[in-house]
Amino acid sequence: MLRRIALFGGIYNNYLALEAALRDIRQRGVDGIYCLGDFGAFGPHPDRVFPLIWDYQVECIQGNYDQSLARDLPDCQCGYTDPRDNYFARISYEYTYQHTSPENRRWLGTLPTQRRLLLGRYRVLLCHGSPRKINEFLWESTTSTAFLQWLCATYEADVICATHTGIKWQRNLEAIQTSGRGSPLLGRTMTEACAHSKATTAKLFVNVGVLGRPENDGTPRVWYTILEADPELRVEFVPVEYDYRRLAREMRDEKLPEEFVETILTGWWTTCLEILPAKERKRGKF
Amino acid sequence: MLLPILEEAAATVHLAHLDDLWFQITGTLCNLACRHCFISCSPHNHTFGFIPRAQVEEALAESVALGVKEYYFTGGEPFLHPDIVPLVCQALRLGPVTILTNATVLRDDWLRELAHAERESLYSLEFRVSLDGYEAERNDAVRGAGTFARTMQGVRRLLEHGFLPVITVAHVEEELSPETLYHCFVEMLRRFGYDRPRVKILPLLRLGAETQRTRGYLPQERVTAEMLADFDLDQLLCRHARVLTDRGVYVCPILLEAADARLGDDLQSGLRSFSLRYSACYTCYLHGTICANASAQRRDL
Ligand code: SF4
Ligand code: SF4
């Protein structure tokens, strides 16, 4: 039975961070490793990601980027308004497409778009964006608890894990008070909530974060997630330190945009900022 | 009253899920009377009135059971409503809130309270500020004399209180491409001191006052069943939103004046499907969910 698993998403060609994360995960010991999609974009040498995934027997699902690559679509179809964002999105998609072998692209096409598993007594649903749409953004500050509860009920899951936005977060889904002053239970960490009520029907949403680029917090580290049911649910976000300077050098050697390199080095997002909701945007520098 | 142009509907759109609950909080009442306003709001248009506070609170409570993801407050000008600040604070405890405003009547004490409510909340409070020209003459020709200066003063206030308003621009200057417009606005806002400007360009809705300023929809500007055959209906707002008004629940904020757009008295009854028979649906067909925030875009692969 699965008790303890590791999850991540958004590798974005960052094979160096992937390798560091996988080593760390192996050292900690888990019953399974899961990648929630978006292998390509942003970084250098896409084909260096795949052998690592296979060596470590990572179970994978498809992201929207992977779907575009596998279907030979002409672009990643991110559809930004800012012409500057579109320009960068095109460069990174074309680079990734050109440098991902046809076999690896085909392999991406064989991946399922969702997975279900049992972790302890909890039904866990793994998806890329959301259970209903592969490229839906579920940001912490624009996703109501009521909506997450609806997703859990509709998709018959106790825990939903997603990625796609590039910033990790989690929410314990308890009953919502609609009147009175505030809802003290909302937004607690799972551990706090379990201590508070020994509810057996705990529900949880986790955005497991991404390994490919820092999460707009001014540090170069990236993140993966450990999810445990022992027997209560527990989430741990694990920071990954890796040789980001080497990644930056390789990106420059591959003539990838300096804007992307800057993000790797500084931890601040420099492109595609318009999709950020107000709260997440304010936490960043640009 | 807006009449349908198609005898047979191009498609019947079922609500997939109530993601977005809109409040037409001040109805069609606005302190401005813009020449392109697609529901002809003005200080005198009482077609739709203010929604009483209790009715909003009831809908908020109901919305939780329905799993609503985001709330939008629009009008008219939402800040004319006497209870707008407490209502937004209440909504922010349940989910993210977006306010669509012309930013000309904002007060510091309101913004202080709203900033506090956002800090206390898990959720974002977005301000979408309407401005239609990047220079005073261009804007004021459409929105009225002096409105550029007043709106920019509102933008300044919002920035001072730590908000990052999204400047929402109707594409009234059709001779400029959306890209050019976007650039001009970004430049203007940077010069103004908004160092990370957020700009959203909206297509024109050729309804209401706009039909007098330029023109209404042409007969060929319509959706047909064939056009929708391969179309992802998820792109349409009516697939995942409803609007509460003081006169009941409507299918979308665009068709408030349409003959059959009123779907029910309350949220439950307003969830039923809607048949697309209006020219304005053509704009949604071309541009997708034009009213949503970029953080919630629904592009298909
Ligand atoms: S466009 Fe906005 S600000 Fe102008 S009249 Fe209509 S509701 Fe009021
Ligand atoms: S105007 Fe747009 S949102 Fe409203 S019913 Fe037509 S397609 Fe749907």
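This structure is a prediction, so every number in the text was calculated from the model and none was measured.

About the thresholds
- Residues numbered from 1 in each chain as written.
- Chains lettered and ligands numbered in written order.
- Predicted model: local features only at pLDDT ≥ 70, side-chain atom pairs only at ≥ 80, totals over all residues.
- Heavy atoms only, no water.
- Near = heavy atom within 4 Å.
- 1 Å grid on protein atoms, 1.4 Å probe; cavity = no way out; pocket = protein on both sides within 12 Å on 5 of 7 lines; lining within 4 Å.
- Sits in = over half its atoms within 2 Å of the grid points.
- Nonpolar A, V, L, I, M, F, W, Y, C, P; charged D, E, K, R; others polar.
- Pairing = 2+ DSSP bridges.
- Helix = DSSP H or I, 4+ residues; strand = E, 2+ residues; numbered from the N terminus.
- Axes fitted to C-alpha atoms, helices over the stretch in contact; angles between N-to-C directions.
- Contact = heavy atoms within 4.5 Å.
- Phe/Tyr/Trp six-rings, centres within 6.5 Å; stacked < 30°, edge-to-face > 60°.
- Buried < 20%, exposed > 50% of the residue type's maximum accessible area, 1.4 Å probe, protein only.
- Lys NZ or Arg CZ within 6 Å of the ring centre and 35° of its normal.
- Salt bridge = Lys/Arg side-chain N within 4 Å of Asp/Glu carboxyl O.

So, about the site of ligand 1. Residue and element names in this part refer to chain B. The environment of ligand 1 is formed by Cys30, Leu32, Ala33, Cys34, Cys37, Cys41, Gly76, Asn102 and Arg143. Here ligand 1 is seated within the largest cavity. A breakdown of the residues in the shell around ligand 1 according to their chemical character gives six nonpolar, two polar and one charged.

By nearness alone, every residue bordering ligand 2 is listed as Leu237(B), Cys238(B), Cys252(B), Leu255(B), Phe274(B), Leu276(B), Cys281(B) and Cys284(B). Class assignment of the residues belonging to the shell around ligand 2 gives a composition of eight nonpolar, no polar and no charged.

We now examine the sheet that holds strand β4 (residues 97-101) of chain B. Residues and elements named next belong to chain B. The strand order β7-β6-β5-β4-β3-β2-β8-β9-β10 describes an open sheet built from nine strands, whose pairing is mixed. With one partner strand each, in any of the chains shown, β7 (198-202) and β10 (262-264) form the two edges of the open sheet. Each strand of the sheet is rotated relative to its neighbour by a mean of 30°, with strand direction disregarded. In the sheet, strand β5 (residues 125-130) pairs with strand β6 (residues 166-170) via three bridges, with the strands oriented parallel. In the sheet register, Val129 faces β6, and the bridge partner there is Ile167. Helix-sheet contacts for helix α5 (residues 147-160) involve β5 and β6, and the interaxial angle to β5 is about 165°.

All told, the structure shown has 25 aromatic pairs over all chains when counted by the stated rule. Seen in terms of ring centroids, Phe147(A) and Trp150(A) are 5.8 Å apart; in terms of plane orientation they differ by 25°. Their pairing is stacked. Of the two residues, Phe147(A) and Trp150(A) are both situated in helix α6 (residues 145-154); the distance of three residues between them amounts to about one turn of the helix. Residue Trp150(A) is classed as partly exposed on the basis of its relative accessible area of 21%. Look at Phe23(B) and Phe73(B): their rings are 4.9 Å apart centre to centre, the planes differ by 25°, and that puts the pair in the stacked class. Separated by 50 residues along the polypeptide, Phe23(B) in strand β2 (residues 20-24) and Phe73(B) in strand β3 (residues 70-74) bring together distant segments of the chain. In this structure, Phe23(B) and Phe73(B) share a single accessibility class: buried. Joined through ring pairs, the aromatic side chains of Phe39(A), Phe50(A), Trp54(A) and Trp107(A) make up one cluster. One Lys or Arg, Lys69(B), reaches over the ring of Phe147(A) and ends 5.5 Å from the middle of that ring. The aromatic ring of Phe192(B) is capped on one face by Arg156(B), whose charged end is 4.0 Å from the ring centroid.

Quick look at the pattern of salt bridges now. Applying the stated criterion across every chain, the model contains 37 salt bridges over all chains. The shortest N-O distance in the salt bridge between Arg28(A) and Asp24(A) comes to 3.5 Å. A residue pair is termed a helical-turn pair when its members lie 3 or 4 positions apart in one helix, as Arg28(A) and Asp24(A) do in helix α1 (residues 15-28) at four residues. Under the relative-accessibility criterion, Arg28(A) is labelled partly exposed at 33%. Between Lys133(A) and Asp234(B) there is a salt bridge, and its shortest N-O distance comes to 3.6 Å. Highlighted residues: Lys133(A) in the loop between β5 (122-126) and α6 and Asp234(B) in the loop between α8 (225-228) and β8 (241-245), drawn from two different chains. Assessed through its relative accessible area of 22%, Asp234(B) is described here as partly exposed. Connected via shared salt-bridge partners are Arg4(A), Asp24(A), Arg28(A), Glu228(A), Arg234(A) and Glu236(A).

Quick look at the environment of Leu158(B) now. Residue and element names in this part refer to chain B. Structurally, Leu158 can be placed in helix α5. Under the relative-accessibility criterion, Leu158 is labelled buried at 0%. With sequence-adjacent residues up to four places away left out, Leu158 is seen in contact with Leu106, Leu111, Phe127, Val129, Phe163 and Pro165.

With that settled, the discussion passes to unusual backbone geometry. Residues and elements named next belong to chain A. In the segment running from Asp230 into Pro231, the intervening peptide bond is cis, with an omega of -10°. In this model, Asp38 sits at a positive phi of 70°, which is unusual for a non-glycine residue. Structurally, Asp38 is set in the loop between β2 (32-35) and α2 (49-55). What makes Asp38 buried here is its relative accessible area of 5%.

Quick look at the sheet that holds strand β1 (residues 4-8) of chain A now. Residues and elements named next belong to chain A. Strand order in the open sheet made by the five strands is β3-β2-β1-β9-β10, with mixed pairing throughout. On the outer flanks of this sheet lie β3 (59-60) and β10 (233-240), each paired with one strand and no other. Two elements, strand β9 (residues 222-229) and β10, share eight bridges in a ladder whose sense is antiparallel. Paired with Leu227 across the two strands is Val235, which belongs to β10.

By themselves, these figures tell us nothing about what the structure is for.
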